[in-house]
Structures are given as C-alpha cells and as structure tokens.
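Here are the chains, one letter per residue:
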Amino acid sequence: MSTMTEIEIIEKHAENIRNGLEKVKPGMEACFTDGCVEGDAIWQGDLLLVISGDIPEDFVVNSDPKRDIRQLVPGNTIGAKHCLESLEGIQVFYPKEWNAESLLGPFISVASGHTAVVTHPVHGNVLIPGRFNVQTYYQKEYDKEMEKERRAKD
Amino acid sequence: MIDSLTPEQISKFDFYKNKWINIGLSTEPCDFEASKAHAREAYSYAELTCPEEFFLADSPKHAIDMIYERYKPDNKNDIVEATMFGNQEACWLSYYDFMLNELNIEACQPIMGLMKLAETCGWWHGYEDAVFFQHRPIELHLENNVLHNDKGPAVLYKDGYSLYSINGYTVTEQIVMSPETLTISQIEGEGNADIQSIMIDRYGWPKYLKVIGAKCIDFRDNDVEGTKEALYETPKNGKRLVVTCTTGRMFVLGVPDNVIKCEDAQSWMGPSELVNTKVKKFNVIART
C-alpha cells in the first residue's frame, strides 16, 4: 500500500464520520457501565477518564475560590472545556500541584444514585454512573515535551 | 524595614495585579495631552529638563522612522534600544505601585512619572530635545496568556503595522494568512524547531507527509475507538501518528522514535502508570 493510499483512507474515513456514514458519529455519548472495572477508560478528546480506586491520599479539595471546579482541564481554550455538567452528588479532588503542565488531572467521586456527565463543546458527553471513582489524565504531547526540552537547553 | 505583610495588604494583591494587567493589555489610543504632563513629571524626577517638542506616532515602526528622520543615527537599532515601553512596562511597575501606595515606601516616588505614562501611552522615546509617544495597538490577541491569533495579526496598530504570532511564537504573515503557499524548502530551512512545527501544522501534516514521501510503518482499524490510524516515519520530524477522531477531524501527533506500532503510539499518549488502582494499565473502552 502506498503512502498516498493510507492517508487517503484516513481522510476518507474522517469525511465519512462527518457525513454520518460511519458507526461512530460526531458528538456521540460514551458511558461507563455497571460492568466496568478499575483501569477501564474513555478518551474524551485529549482527556482520559479512568475508573479508579479510592481517592489518592495526597489529593486535596479545591482551595482556590476563583477556580471553576466543574472544568477539569486548566486553560481558557475551547479544547480545555471538559466540564462537569453538575456537581450534585459529585466530589472533585485535585493533585497538590495542579497546573497547565500536569499530566494528572482532578479525581471525580460520584455518589450512588447520581450520574456525572462530563461535557465538551466538540466531543460527546461521557457519563459516569454513581458509585464509581474516576481519575482523569491528560494526553501526553510529544511535540510539547520536545519543545520543553529545547527551551531547557536554551 | 518591612519583613512581613498584613492580611489587608496581601488582600490588595489582586487589585494591583488586575489593574496592571489591564494597563499592559490596553488597546486605548494614546492620551497625548496627559502623556505630555506625565513626561514632564518623569523628566523632573530624573532631574532632567523636559523638552517642549512632543510627537505622536501610530506604531513602533512609525516612531522609529520619525526619530531616524530627525536624528539620522548611524544605526537604527540604537533607536530601538532606547525605547521605553510605556504601558508594556506594567509587569515591573505593578510591584512599585503596590510598594508606594500600600507600604508607603517613598523611595518608589521617582518612578511615578513612568507609572503615569504607562496609563496613558504605548511605547515612548525621551530625548534631550523631543519626546516621541506611540499609540498602543488597536488589537491584541492572546490565548493561554501568550500572543496568539491564527486568523490575523496578534498585534495590530492603527497604521497597519502588525505582528503575527502563534502560541507565543512570532511568525511571518505567510505562515498565518497563507500557509498553503509555504514550500518544503521554506519549512525545512526554518532553523527554529518550534516555528518549523507551527509551519507544518499550518501547512497541513497530511499534505506534508504526502509531499515529502513519508514512509507508513503501521496501519490499523481501531474498532474499540472507531478510528483508523497510520504511523509514519519522516526524515527530519520523527514519527507521526495520523488518526481520525470521532468528531470527523483528523490529527497528526508526534510520538517517540521507539514507537513502532499504532497501538504503542496510543498507549504512549496515556499515563505510563495509573495512580491508586489495582491494575497497572488502562484499558480503553470508548472514545468520544
């Protein structure tokens, strides 16, 4: 298969998704089910939500009154707007050092009888049923890592 | 000697921070009359005689041209190096404003003129016989606190003088406004790796991979996530995973050189180890 062909297959697939011709649809919801176990994960764009155990010991409740704790990714870009639709029945805990450089995001604990809905302006919602704890992680970006290395060398 | 701050003084931090961020990012025109008065104050604090001739330029370039025309220095860079940054001195003036007004440190008084000028004009140049003020930009675009605009200039002055910037990197107008006209020799001739990466992003990674004849080393249908993925090796820009997204877009993402399969590339992008779980690895069940 030539180079052109593989890229063309991918370009065509993306076009088909946009036109609703594929199994996956833009904005399609994804949810953790009762059968999920620790380690099961859903990507919402570049945010990974992973079913986890108890709250990590060194995580803390929010202490910054200006922080919108519904937003799970720091920043003011559209891409950063991974947000909890509501905080009812939901607790959010943070790594002690949490900033734009972190790869570890907030920890979400959902009480029984509630469902956490993580929304995003472009990606479909992710539903987390009650009784689950979810740890969030941010996608590693190789180019940014290289950029940091280059800046450190300068 | 002050060795601690009161809670009340600490509570004023936000006021001074916001005040000076607003000054630094102001796009208001220069208040020429107020600036003249403030310049007189600044000269007076410096124990210098303030000149009587004042000029107002539309942009840094306009100011430099005016000054060059008047003084004809051997080197235009001398003009640039003598620039006072007016409102864009906000980052350090904010500290002195706090110390002067909240801690009553009178030693800060001599920079009052500079503080006032920061509130009324953009960059400026003070000479023995004339002062040249500049208007502030009429547009200033930031994203994540750095200059960024992928649809036009990040900084624009009223005479059209502009600066293009992507993610805080100063780039050419061509990279922002007509990236499709970039050539492979322009891209590969760029010495700054960060700017080169921006150039390829703007040019389009799929097109770039096709044009340079990048080699596909793995391809898969990712049935769990509903995506298709191809891993490419490029001669100068490492390995790239080309992947569809459930939103109908496609992305090209850099991955380390030791990655040889699409599956490994996807794993690399997630956490290398999970926190507080009985299992070591994550298992993707869906993607939105």
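Residues numbered from 1 in each chain as written. Chains lettered and ligands numbered in written order. Predicted model: local features only at pLDDT ≥ 70, side-chain atom pairs only at ≥ 80, totals over all residues.

*Asks:* Even after reading the chapter, I still don't get the overall build of chain B, so can you show me in this structure?
*Replies:* The helix and strand inventory of chain B stands at 12 helices and 14 strands. Here the C-alpha radius of gyration of chain B, 26 Å, is well above what a compact globule of 288 residues would show, namely 19 Å. In chain B, buried positions account for 36% of the 288 residues. (Helix = DSSP H or I, 4+ residues; strand = E, 2+ residues; numbered from the N terminus. Rg over C-alpha atoms; globule rule 2.2 N^0.38 Å. Buried ≥ 20, exposed ≤ 12 C-beta atoms within 10 Å, placed from the backbone.)

*Asks:* How do you make sense of the domain arrangement of chain A when you look at a structure like this?
*Replies:* Where interface size is quoted, it is often the accessible area lost as the parts come together. Segmenting chain A into domains produces domain 1 (1-26) and domain 2 (32-141). A C-alpha centroid distance of 30 Å is found between domain 1 of chain A and domain 2 of chain A. (Domains from an automatic or database assignment.)

*Asks:* What am I meant to see in the environment of Tyr43 of chain B here?
*Replies:* Residues and elements named next belong to chain B. Mapped onto the elements of the fold, Tyr43 is located in helix H3 (residues 32-45). The class for Tyr43 is partly exposed, based on 17 C-beta atoms found within 10 Å. Spatially, the C-alpha atoms of Tyr43 and Met269 are 57 Å apart, while their sequence positions differ by 226 residues. Apart from the residues within four sequence positions on either side, Tyr43 is in contact with Leu48, Thr49 and Cys50. (Contact = placed C-beta atoms within 7 Å.)

*Asks:* Any chance you could explain the interface of chain B and chain A here in plain terms?
*Replies:* With 46 residues of chain B in contact, the opposing surface of chain A contributes 48 residues. Contributions of two or more residues to the side of chain B that touches chain A are made by helix H10 (193-203), helix H11 (205-212), strand E10 (215-222), strand E11 (227-233), strand E12 (239-244), strand E13 (250-255), helix H12 (262-269) and strand E14 (283-287) of chain B. Pairing between strand E2 (residues 40-44) of chain A and E14 of chain B: 4 bridges, direction parallel. If you follow Asp40 of chain A over to E14 of chain B, its bridge partner there is Asn283 of chain B. (Pairing = 2+ DSSP bridges.)

*Asks:* What is the right way to look at the packing of helix H2 (residues 13-24) of chain B against helix H6 (residues 90-101) of chain B in this model?
*Replies:* For any two helices packed against each other, one specifies the crossing angle of their axes together with the interaxial distance. Residues and elements named next belong to chain B. Contact geometry of H2 with H6 gives a least axis separation of 9 Å together with a crossing angle of 145 degrees. Taken as a pair, H2 and H6 cross one another with a handedness that is right-handed. Taking contact as the criterion, the partners of Tyr16, Lys17, Trp20, Ile23 and Gly24 in H2 are, on H6, Ala90, Cys91, Leu93, Ser94, Asp97 and Phe98. Tallied by class, the residues present in the contact of H2 with H6 amount to 7 nonpolar, 2 polar and 2 charged. (Axes fitted to C-alpha atoms, helices over the stretch in contact; angles between N-to-C directions. Left-handed = near helix turned anticlockwise from the far one by under 90°. Nonpolar A, V, L, I, M, F, W, Y, C, P; charged D, E, K, R; others polar.)

*Asks:* How do you make sense of the nonpolar core when you look at a structure like this?
*Replies:* Taken as a class, soluble globular proteins show a tendency for nonpolar side chains to be buried jointly. Formed by 40 residues in total, the largest nonpolar core has its most connected members in Ile175, Met199, Ala230, Leu241, Val242 and Ala265 of chain B. Listed in part, the 29 residues of the second largest apolar core include Trp43, Ala116, Phe132 and Val134 of chain A. (Core = buried A, V, L, I, M, F, W, Y, C linked by C-beta atoms within 7 Å.)

*Asks:* What is the right way to look at H3 of chain B in this model?
*Replies:* Structural remark: α-helix, 3.6 residues per turn; residues separated by three or four positions point the same way. All names here are of chain B. Helix length check: H3, at 14 residues, gives a terminal C-alpha distance of 20 Å against a target of 20 Å (1.5 Å per residue), a fit within 8%. Taken together, the buried positions of H3 are Ser35, His38, Ala39 and Ala42. The buried residues of H3 occupy an angular sector of 110 degrees when the element is viewed end-on, so they sit on one face. Residues of H3 that are buried in the fold lie against helix H7 (112-120), strand E2 (124-126) and strand E3 (130-134). (Expected span 1.5 Å × (residues − 1). Arc of directions from axis to C-beta.)

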